[in-house]
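Commentary on secondary and tertiary structure
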Amino acid sequence: MRQRRLGSQGLSVSAEGLGCMGMSTIYGPADEKEAIATIHRALDLGITFLDTADMYGSWGNESLLGRAIAGRREEAVLATKFGNEVADGRLTGRVNGRPAYLRQALDGSLARLGVDHVDLYYQHRVDPQVPVEETFGALSELVAEGKVRYLGISEAAPATIRRAHAVHPLTALQTEYSLFTRDVEQNGVLSTTRELGIGFVAYSPLGRGFLTGTIRSAEELSDDDRRIAHPRFQRENFARNLAVVDRIRVLADAKGVTSSQLALAWVLAQGSDIVTIPGTKRRAYLEANAAAVEITLTPDDLAAIDAVAPPGVASGARYPADSMRAVHR
């Protein structure tokens, strides 16, 4: 697995990480045994960058990851997040960026992960009621105390990124980026991170599984799969998006790779400052995704991909309306 420098503060991570969210929540039934085996296989392959958050599974995902890395902590670069408030093991629906809360949140994350520090700690969503300077002032104290090595922020607007970075240098900005979600190319987010020397972590680089080409009907999703509430997976949006996926598959077939691999290779090709964290809970998909780092896309390949998946190609918003209000703050 290739390595990339994430930001300008000294953190190096695997070019492709592993998003662990789906192992506990969101995308249907969980299988802890296979999830732990997948994490172990990731480490074996050199995929060292493991991403979680306290809200995933309402604390459960961090506990799962902690069990998986027991005895292998030195192999992993751990990233977790706070901000989507969890109280008594339940999401409250609030965003909380208050210093007292984030300290409590971090102590809980450390306990569940079974570690004495996390490598990268993100503000998961920006609290509109708390100045970001106040939040990152408290986070900088955690760095000084050795509980956190590097700081990041997720789904923040350019002005917010600048304000946080002025308090304590940011190592990473985590935001959705894929052939279906190219907003950051146009809204100033990607140009801001590059100007400031902040690494970019692309989550959902496979469009929440849509770009794999394996989901052919919304009816294939289980009742507890939250994607059924996402506009891109609903009614006429689904049909339009599936047509785009089929055009991408034609290009992938011509390249001799899968649709997933082409989509991942495209994100990685957008710059050496970008790292992807595709999520999976199965070893077979993990291994296929890992192979994407070896794919070289020529200028002709990139032009062909851009022709079938230009910015704004996806039909429907990437989140339901209530979740969309919490992004790009």
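This text goes with the structure placed above it.
Residues numbered from 1 in each chain as written. Predicted model: local features only at pLDDT ≥ 70, side-chain atom pairs only at ≥ 80, totals over all residues. Heavy atoms only, no water.

1. Brief notes about the nonpolar core
Formally: Take the buried residues of types Ala, Val, Leu, Ile, Met, Phe, Trp, Tyr and Cys, join any two whose side-chain atoms come within 4.5 Å, and each joined set is a nonpolar core. Note on exposure labels: buried denotes an accessible area under 20% of the residue type's maximum, exposed denotes more than 50%, and partly exposed covers the range between, all computed with a 1.4 Å probe on protein chains only. The contact definition used throughout considers only heavy atoms, calling two residues in contact when any of these lie within 4.5 Å.
Counting residues in each nonpolar core, the largest one holds 84 residues, and the members touching the most others are L18, I39, L50, Y121, I153, Y177 and F200. Once residues within four sequence positions are removed from consideration, I39 is found in contact with L18, C20, M23, L50, L65, A68 and I69.

2. Quick notes on the side chain of Q261
Rule in force here: Strands are runs of DSSP state E lasting at least two residues, helices are runs of H or I lasting at least four, and both sets are numbered from the N terminus onward. Distance and chemistry together define a polar contact, namely a pair of N or O atoms within 3.5 Å, with one atom able to donate a hydrogen and the other to accept it when in protein, and with adjacent residues in sequence counting only for side-chain atoms on both sides.
Relative to the helices and strands, Q261 resides in helix α8 (residues 259–268). At 3.0 Å, the side chain of Q261 and the backbone nitrogen of T258 are in polar contact. With residues up to four places along the chain from it excluded, the contact list for Q261 reads A288, A291, A292 and I295.

3. A short note on the side chain of D225
Its location among the elements puts D225 in the loop between β11 (199–203) and α7 (235–255). Judged by its relative accessible area of 3%, D225 is buried. A distance of 2.7 Å separates the side chain of D225 from the side chain of R227, its partner in a polar contact.

4. Remarks on the pairing of strand β1 (residues 3–6)
The following threshold applies: Following DSSP output, two strands are said to pair if at least two bridges run between them.
Burial along β1 is one-sided: the face carrying R4 and L6 is buried and the face carrying Q3 and R5 is not. The pairing of β1 with strand β2 (residues 11–14) spans four bridges and is classified as antiparallel. Bridge pairing in β2 links R4 to V13. Here β1 hands over to β2 after four residues, with G7 in that stretch at a positive phi of 75°.

5. Looking at unusual backbone geometry
With a phi close to 45°, S58 is a non-glycine residue in the positive phi region. You can see S58 is positioned in the loop between β4 (49–51) and α2 (60–69). A relative accessible area of 23% places S58 in the partly exposed class. Of note, H328 is a non-glycine position whose phi angle comes to about 60°, a positive value. Tracing the chain through its elements places H328 in the segment after α11 (321–324).

6. Quick notes on the environment of G19
The residue G19 is located in strand β3 (residues 18–19) in this model. Assessed through its relative accessible area of 10%, G19 is described here as buried. Distance in space between the C-alpha atoms of G19 and T193 is 21 Å, their sequence separation being 174 residues. Here G19 is in contact with D51, I277, P278, G279 and T280, once residues within four sequence places are set aside.

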